[in-house]
Amino acid sequence: MKKKILLFLAAVLLLACTASAQDPEQLRKMNELQERGQKITEAYDAIANTSPSLKVLNERGERSQMVIEAAKTGDRALIPHLRVLADDKGPAAILSSNKTLPRSLIGTDSYLAHIALAKLGDPSVLPEVLAELEGADDMAQEAAVAKLGQIGGKEAYQKLFQLLDDTSTRPHAIDNPLRPKSQQAMGVLSQLFSDSPQMPNGMTNYDPAAWKTWAARNKHLIE
């Protein structure tokens with residue numbers, strides 16, 4: 001967390017230096033970064049102030065854990081504050097043309113906040129996750145499959161079951177083709193259910209036929 005804060009301050013300082021030439025675009029970016037930082041801090045503090053245990057985590061700088069625990073409270077009053085985190089564009093989008101939202105990167109606080117919103121009953125989350133899944137951003141697709149497993153429930157599992165049939169390879173702009181979404185879904189489901197197909201060594205079995213049998217046996221998850 002301290003590293004993130006230092007990086008953010010460094011970015012603001014860099015912009016402040018370049019903005020000294022009164023470049024309107026640089027000034028706009030600097031102001032946007034400052035406004036973002038304030039909004040994010042206020043959201044964290046608002047979440048922390050809803051319970052003593054969350055406040056302790058915030059004071060320790062354990063904000064990711066605080067977001068995870070917030071999802072367990074069942075307190076829908078947290079939804080507006082978690083939405084601020086989930087919708088955060090991030091410094092990269094402000095400073096450059098990078099349009100990947102932080103919530104499309106597995107493990108970020110925005111990613112965790114997106115999951116927390118779903119667990120608290122925000123109906124807008126699942127359509128957003130499905131849109132990420134169908135989008136062109138490779139990282140967003142990976143994160144979306146992982147989110148479906150974390151969100152759980154009939155609709156999320158139904159989509160994961162459907163992905164078991166998506167065996168097409170995905171092109172990648174830099175490296176080799178990415179693994180099919182079917183394999184991503186298998187990996188996520190294998191972490192959730194102990195009776196999922198496994199190899200003799202305990203590793204996930206990626207045989208489509210084995211997963212077809214497993215899915216047929218577990219229709220109760222989506223019905």
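Residues numbered from 1 in each chain as written. Predicted model: local features only at pLDDT ≥ 70, side-chain atom pairs only at ≥ 80, totals over all residues. Heavy atoms only, no water.

Chemist: Give me the lowdown on the packing of aromatic side chains, citing residues and values where you can.
Modeler: Within the structure shown, the criterion is met by 4 aromatic pairs. Measuring from ring centre to ring centre gives 5.5 Å for Phe-161 and Trp-214, while their planes differ by 55°; the resulting arrangement is tilted. Highlighted residues: Phe-161 in helix 10 (residues 154-163) and Trp-214 in helix 12 (residues 208-217), separated in sequence by 53 residues. Of the two residues examined, Phe-161 and Trp-214, each falls in the buried class. Judged by centre distance (5.6 Å) and plane angle (50°), the rings of Phe-193 and Trp-214 are tilted. With Phe-193 in the loop between helix 11 (181-192) and helix 12 and Trp-214 in helix 12, this pair connects stretches of sequence that are 21 residues apart. Taken together through their ring pairs, the aromatic side chains of Tyr-157, Phe-161, Phe-193, Trp-211 and Trp-214 make up a single cluster. (Phe/Tyr/Trp six-rings, centres within 6.5 Å; stacked < 30°, edge-to-face > 60°. Helix = DSSP H or I, 4+ residues; strand = E, 2+ residues; numbered from the N terminus. Buried < 20%, exposed > 50% of the residue type's maximum accessible area, 1.4 Å probe, protein only.)

Chemist: Let's hear about the nonpolar core: which residues, and what values?
Modeler: Grouped together as the largest cluster of nonpolar side chains are 49 residues, with contacts concentrated most on Leu-82 and Leu-160. With 7 residues, the single largest contributor to this core is helix 7 (residues 109-119). Excluding residues within four positions of it along the chain, Leu-160 makes contact with Val-145, Leu-148, Gly-149, Ala-185, Val-188 and Leu-189. (Core = buried A, V, L, I, M, F, W, Y, C linked by side-chain atoms within 4.5 Å. Contact = heavy atoms within 4.5 Å.)

Chemist: Tell me about the packing of helix 4 (residues 63-71) against helix 7, residues and numbers included.
Modeler: One way to put it is that helix 4 packs onto helix 7 with a least axis distance of 8 Å and a crossing angle of 10°. On the basis of their axis angle, the class for helix 4 and helix 7 is roughly parallel. Along its contact with helix 4, which presents Arg-63, Ser-64, Val-67, Ile-68 and Ala-71, the element helix 7 presents Asp-109, Leu-112, Ala-113, Ala-116 and Lys-119. In terms of residue class, the contact of helix 4 with helix 7 is made up of 6 nonpolar, 1 polar and 3 charged. (Axes fitted to C-alpha atoms, helices over the stretch in contact; angles between N-to-C directions. Parallel < 35°, antiparallel > 145°, perpendicular 65-115°, else oblique. Nonpolar A, V, L, I, M, F, W, Y, C, P; charged D, E, K, R; others polar.)

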